[in-house]
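Remarks on the overall topology
Residue-level listing of the chains:
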Amino acid sequence: MVCNKISEIFPSRWTVLVFLCYILLFICQGLITTASQEADNKYKYNTTLAVLFTEVIKLFASILLFWRENALSSLWTQTVTHKKLMWLYFVPSLLYCLYNNLSFINLSAYDPTTYFLLLQLRVVITGVVFQVLFKKQLSCVQWISLIVLTLGCMLKEVNFESLSDEVRKKEALNKETGIHLSVHLLLIIVQVLCSCFAGVYNEFLLKKSGADVDIYVQNVFMYFDSIICNLLVLLYEADYDSVFSDEAIQAIFQYKALLVMVNNAAIGIVTSFFLRFLNSILKTFASALELVFIAILSWLIFDIPVRINTALSILVVITAVYLYAQNPVQSPAPALTKTSSTESLVSSNKRANQKINV
């Protein structure tokens, strides 16, 4: 019985690997980004430039992965053939551009555990958008699990202990630890909305509009469009002479900034596989599972203790994940192409004894 439920969520060992990699990389994202901050919670490097270089890394990685199994010249042919799809990718690219830039801003205002708890507010919105785009109604149990997950995140804000402001400030590294009406909360809400619409719309392009297009080609479209979006953001916020000065370039190539960029680039690649072979709903629960590890690691690394409200919040989130596992959302199956490098992956989901070759 349990095995059947697990096989419904994860059609193959490949999807389990994608799921685990996604969780691991996102845990690293919050911790590495926080570690790259100065004592005043600011960044020595230009964060928008870091996002831009991250997209460049993703683009080259996608081109190399495509080149491994296809003639490089065919990439241009497919780009011309599917130019409409490339334009469609400007929508999630712009949303992800805002999301990635806001993640630096919000992680400088909140500790990693609170930050990721607040991001879980996206789960119900994701459920609604998922239903609209894929015309697939969520069951009562699925909605209950989403609501329980949201309530679990809200538990983080219930104060079960009496702590002085001085202690709270010290433990939170001078960062906010609750939901207070402020500019930072508004930015979190914007980031949540960007995550919801970008994730589900990206899944829609991968499985519907671009279902017959190689996943690496779609990644090239996404990251090329993202580079353009980030260049526009750089143009808006500062002049190019200061952004690309020797000092700015040296700061961006420090090892902490490089770790942030490489990790975020890996997240982008893994997310595309996650949305292709799993779904946006499961993606929100993967993010929720990260909370357990982030809370523990934040305590070990940054000396941020796990209080009663945090522990209860995490417990409720785990309960929501269990409820969801009883009746998981079935991923819309992507169409296959004869030349797609992902054909063997999709086929392996149906034929367990076939070797996966990625």
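Note: the structure precedes this text.
Source: prediction; values computed, not measured. (Residues numbered from 1 in each chain as written. Predicted model: local features only at pLDDT ≥ 70, side-chain atom pairs only at ≥ 80, totals over all residues. Heavy atoms only, no water.)

**Quick look at the environment of T15**
Definition in use: Segments assigned H or I by DSSP are reported as helices when at least four residues long, segments assigned E as strands when at least two residues long, and all are numbered from the N terminus. Each residue is assigned to one of three classes by its accessible area relative to the maximum for its type, calculated with a 1.4 Å probe on protein chains only: buried under 20%, partly exposed between the two thresholds, exposed over 50%.
Along the chain, the position of T15 falls in helix α2 (residues 13–35). Judged by relative accessible area, T15 falls into the buried class, the value being 1%.

**Remarks on the packing of helix α6 (residues 90–107) against helix α12 (residues 215–237)**
This is how it is decided: In this analysis, axes come from line fits to C-alpha atoms, helices being fitted only over the stretch in contact, and the angle between any two N-to-C directions falls in the range 0 to 180 degrees. Working rule for angles: under 35 degrees goes down as roughly parallel, over 145 as roughly antiparallel, 65 to 115 as roughly perpendicular, anything else as oblique. Should the near helix be turned anticlockwise from the far one by less than a right angle, the crossing is left-handed, and should it be turned clockwise, the crossing is right-handed. In this description, contact between two residues means that some pair of their heavy atoms is separated by no more than 4.5 Å. Just so you know the grouping, Ala, Val, Leu, Ile, Met, Phe, Trp, Tyr, Cys and Pro go in nonpolar, Asp, Glu, Lys and Arg go in charged, and all remaining residues, Gly too, go in polar.
Across the interface, α6 lies against α12 with an axial gap of 8 Å and an inter-helix angle of 55°. In terms of axis orientation, α6 runs oblique to α12. The chirality of how α6 crosses α12 is right-handed. Across the interface between the two elements, F90, P92, S93, L94, Y96, C97 and N101 from α6 touch M222, D225, S226, I228, C229, N230 and V233 from α12. Here the contact of α6 with α12 is built from residues that sort into nine nonpolar, four polar and one charged.

**Comments concerning the pattern of salt bridges**
For clarity, the cut-off: One side-chain nitrogen of Lys or Arg within 4 Å of one carboxyl oxygen of Asp or Glu is enough to make a salt bridge.
Applying the stated criterion across every chain, the model contains two salt bridges. Residues K58 and E55 are paired through a salt bridge, measuring 3.2 Å at the closest nitrogen-oxygen approach. With K58 and E55 both in helix α3 (residues 47–69), this residue pair falls three residues apart, about one helical turn. Each member of the pair, K58 as well as E55, carries the same accessibility label: buried.

**Thoughts on the nonpolar core**
Selection rule: To qualify as a nonpolar core, a set must consist of buried Ala, Val, Leu, Ile, Met, Phe, Trp, Tyr and Cys residues joined through side-chain atoms within 4.5 Å.
Judged by nonpolar contacts, the single largest core of 79 residues is most densely connected at Y45, Y115, F273 and F274. With near-sequence residues (within four places) excluded, Y45 lies in contact with S36, A50, F104, A251, I252, A257 and V260.

**Structural notes on the packing of aromatic side chains**
This is how it is decided: Put simply, two rings from Phe, Tyr or Trp (the six-membered ring, in Trp's case) pair if the centres are within 6.5 Å, and we call them stacked under 30 degrees between planes, edge-to-face over 60, tilted for the rest.
Enumeration according to the criterion identifies six aromatic pairs in this entry. Both rings, one in Y43 and one in F104, keep their centres 5.5 Å apart while their planes meet at 80°; by these two values the pair is edge-to-face. With Y43 in the loop between α2 and α3 and F104 in helix α6, the pair connects residues that are 61 residues apart, well separated along the chain. Site record: aromatic cluster; members linked through ring pairs are Y43, Y45 and F104.

**Observations regarding α3**
What counts is decided by this rule: In a helix, the anticipated span is given by 1.5 Å times the number of residues less one. Throughout this description, a polar contact denotes any pair of N or O atoms lying within 3.5 Å of each other; where both atoms belong to protein, one of them has to be capable of donating a hydrogen while the other can accept it, and for residues adjacent in sequence the pair is counted only when both atoms sit in side chains.
The terminal C-alpha atoms of α3, which comprises 23 residues, lie 34 Å apart, in line with the 33 Å expected from a rise of 1.5 Å per residue. You can read the cap of α3 off the contacts: a side-chain oxygen lies 3.0 Å from the backbone nitrogen of T48, and it is on N46.

**Brief notes about the state of the cysteines**
Note the threshold: The disulfide criterion is simple: two cysteine sulfur atoms within 2.5 Å.
Taken as a whole and assessed by the stated rule, the structure comprises zero disulfides. Between C194, a free cysteine, and C97, which holds the nearest cysteine sulfur, the sulfur-to-sulfur gap is 9.2 Å. No disulfide involves C196; its nearest neighbouring cysteine sulfur is the one of C194, lying 9.3 Å away. Exposure remark for C196: the relative accessible area of 1% places this residue in the buried category.

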